[in-house]
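Residues per chain are reported as follows:
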Amino acid sequence: MKFLVINSGSSSIKYQVIEMATESVLATGLVERIGEAVGRLKNTFYPGTERERESVLEQAIPDHDQGMRLVIALLTDPEQGIIGTTSEITAIGHRVVHGGEDFRESALITPAILDAIKRNIPLAPLHNPANLDGIRVAMEIFPTVPQVAVFDTAFHQTMPPHAFMYALPYRLYEQDRVRRYGFHGTSHRFVAGECARLLGKPLAECNLITVHLGNGCSMTAIAGGVSVDTSLGLTPLEGLVMGTRSGDVDPALHLFLQQNKGMDLESIDALLNKESGLKGLCGMNDMRDIHKAVAAGDQRAALALNVQTYRNRKYLGAYMAVLGRVDAIVFTAGIGENDAIVRAESLKGLEAFGIRLDPEKNGQRAREARCISRSDSTVQIFVIPTNEELAIAREAATVVSR
Ligand code: ADP
């Protein structure tokens, strides 16, 4: 059983082929710069094993269809490929960013499902059309293979109204579905499941705070295994301080910028999404560069680190209050998995809440999921690598076996 996972962006396609029996990755890659003069396909067969083989192809890739066909040619290459024909793919899982209120779980793609994804385009005008491109192309190339849509928002559809409603005129919700949706749901769900396993309890009995810190950052309060609040909102801009996204700001900032800087809404949107966050504060958005700069005495880099970790702490406190009892806090994604300093700073001063980090365990580097709290910590603290592709493949497996 080989599953193909596709994450189609506006000018890129990320993919993985996973052997489901062993959950091992047979191939992973990225097609990028689709539509530009020179596109690029980077593929790795058997990543992380002795048989690992990497290849890079650079040529014009005019559209997603051409991009996907290049990938298929590589996967079925008689000499080095990992499948003989496209019929060896059992199912395809697609990442879809926004399922709005239509999807509480993953769905087998049918014409009605495609219509529902289209209906949600106003909520994700950049992402959903790109995801639909990936689905359309895959359906053409693999007409008989079941395809499953896995939504970033679905895990958060369990939030109660008092958590998902903004205090805005109610008609904006009734007419336009303006509310908190939350994102990174596939990642939060995945690490929550892994955490329950490590705690040795059914997920339905776990109260968790999952902290996804990558380029995008979000935190989720999970009660009895389901999402009850999350920091990203109507769009993936609210909440924590991210690589280039601001997270929370005063909504009246828009008016201030318009009146005082003459900025229009498009440029304010670009400012908040692309020029803010860590990058806005110190000019760098990769945490590794920020640490180097802090070590060299860069005050702005230190400020950026402090602003991010303080915001994390503030949300942790908020979600402790939301949940009452917390079994574990889970750190995941690029920063969450690798950055002992960010974890320690984010948890600083929370001892009174029963949160006690073990500095030695926190400082150890490992690829595996691990506990980093002291034995006397009432809230356990874990680092759990996220694996969104595997999570999508597992979701697809569940849906096709129904
Ligand atoms: P995405 O949200 O794009 O999936 P990732 O989860 O891969 O992002 O996280 C990417 C970020 O993780 C990088 O921008 C970088 O700041 C951070 N990161 C990656 N490796 C490390 C590391 N060893 N130490 C600290 N931060 C890291």
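Residues numbered from 1 in each chain as written. Predicted model: local features only at pLDDT ≥ 70, side-chain atom pairs only at ≥ 80, totals over all residues. Heavy atoms only, no water.

(A) Representation of the overall build of the protein in the model. The helix and strand tally for the protein stands at 15 helices and 14 strands. Here the protein has a C-alpha radius of gyration of 21 Å; the compact-globule value for 402 residues is 21 Å, and the two agree. Seen through its principal axes, the protein has C-alpha atoms that stretch 60 × 55 × 45 Å. Classification of the 402 residues of the protein by burial places 49% in the buried group. Pairs at least 24 residues apart make up 60% of the contacts formed inside the protein by residues separated by at least 6 positions. Accessible surface for the protein amounts to roughly 18500 Å². Of this, 52% is attributable to carbon and sulfur atoms. In the protein, 41 positive and 47 negative side-chain charges are present, and the distance between their average locations comes to 4 Å. (Helix = DSSP H or I, 4+ residues; strand = E, 2+ residues; numbered from the N terminus. Rg over C-alpha atoms; globule rule 2.2 N^0.38 Å. Buried < 20%, exposed > 50% of the residue type's maximum accessible area, 1.4 Å probe, protein only. Contact = heavy atoms within 4.5 Å. Areas by Shrake-Rupley, 256 points an atom, 1.4 Å probe, with all protein chains shown as cover. Lys, Arg positive; Asp, Glu negative; His and termini not counted. Charge placed at Lys NZ, Arg CZ, Asp CG, Glu CD.)

(B) Here's a closer look at the side chain of Ser 246. Here Ser 246 is to be found in the loop between strand S11 (226-230) and helix H7 (253-261). The class for Ser 246 is buried, based on a relative accessible area of 10%.

(C) Structural context of the side chain of Ser 227. Structurally, the position occupied by Ser 227 is in strand S11. For Ser 227, a relative accessible area of 0% gives the class buried. A polar contact of 2.8 Å, which involves the side chain of Ser 227, links it to the side chain of His 156. In contact with Ser 227, other than residues within four places in its own chain, are Phe 155, His 156, Thr 158, Met 159, Thr 220, Ala 221 and Ile 222. (Polar contact = N/O pair within 3.5 Å; in protein donor to acceptor, adjacent residues only side chain to side chain.)

(D) View of the sheet that holds strand S8 (residues 147-151). One open sheet holds the 8 strands; their spatial order is S5-S4-S3-S2-S1-S6-S8-S7, and the pairing between them is mixed. Looking at which strands have only one partner, the edges of the open sheet turn out to be strand S5 (53-59) and strand S7 (107-108). As defined by bridge partners, S7 adjoins S8 across 2 bridges and the pair is classed as antiparallel. Each bridged residue has a counterpart across the sheet, and for Ala 107 the counterpart in S8 is Ala 149. Helix H15 (residues 388-400) rests against strand S1 (2-8), strand S2 (13-19), strand S6 (89-96), S7 and S8 of the sheet, and its axis sits at about 120° to S1. (Pairing = 2+ DSSP bridges. Axes fitted to C-alpha atoms, helices over the stretch in contact; angles between N-to-C directions.)

(E) Structural view of the nonpolar core. Ile 209, Ile 329 and Leu 347 are the most contacted members of the largest nonpolar core, which has 41 residues in total. Mapped onto this core, the elements with two or more residues apiece are strand S9 (208-213), strand S10 (217-223), helix H9 (277-282), helix H10 (287-295), helix H11 (299-323), strand S12 (328-332) and strand S14 (380-383). By residue number, the principal contributor to this core is H11, which donates 8 residues. (Core = buried A, V, L, I, M, F, W, Y, C linked by side-chain atoms within 4.5 Å.)

(F) The arrangement of the layout of surface pockets in detail. Estimated volume of the second largest pocket: approximately 150 Å³. If you go around the second largest pocket, the residues you meet are Thr 186, Arg 189, Phe 190, Gly 193, Glu 194, Leu 203, Ala 391, Arg 394, Glu 395 and Thr 398. No other element matches the 5 residues that helix H6 (residues 185-199) contributes to the lining of the second largest pocket. Considering only residue class, the lining of the second largest pocket consists of 3 nonpolar, 3 polar and 4 charged. (1 Å grid on protein atoms, 1.4 Å probe; cavity = no way out; pocket = protein on both sides within 12 Å on 5 of 7 lines; lining within 4 Å. Points joined across faces, edges and corners; volume = space filled by probe spheres on them. Nonpolar A, V, L, I, M, F, W, Y, C, P; charged D, E, K, R; others polar.)

(G) Inspection of the sheet that holds S12 at higher detail. Strands sit in the order S11-S10-S9-S12-S14-S13 across an open sheet of 6 strands; the sheet is mixed. Of all the strands in the sheet, just S11 and strand S13 (370-371) have a single pairing partner and so form its edges. Each of S9, S10, S12 and S14 touches H6; the most contacted strand, S9, lies at about 130° to it. On top of the sheet, H11 reaches S9, S10, S11 and S12; it is set at about 15° to S10, its chief contact.

Geometric values such as these leave the question of function open.
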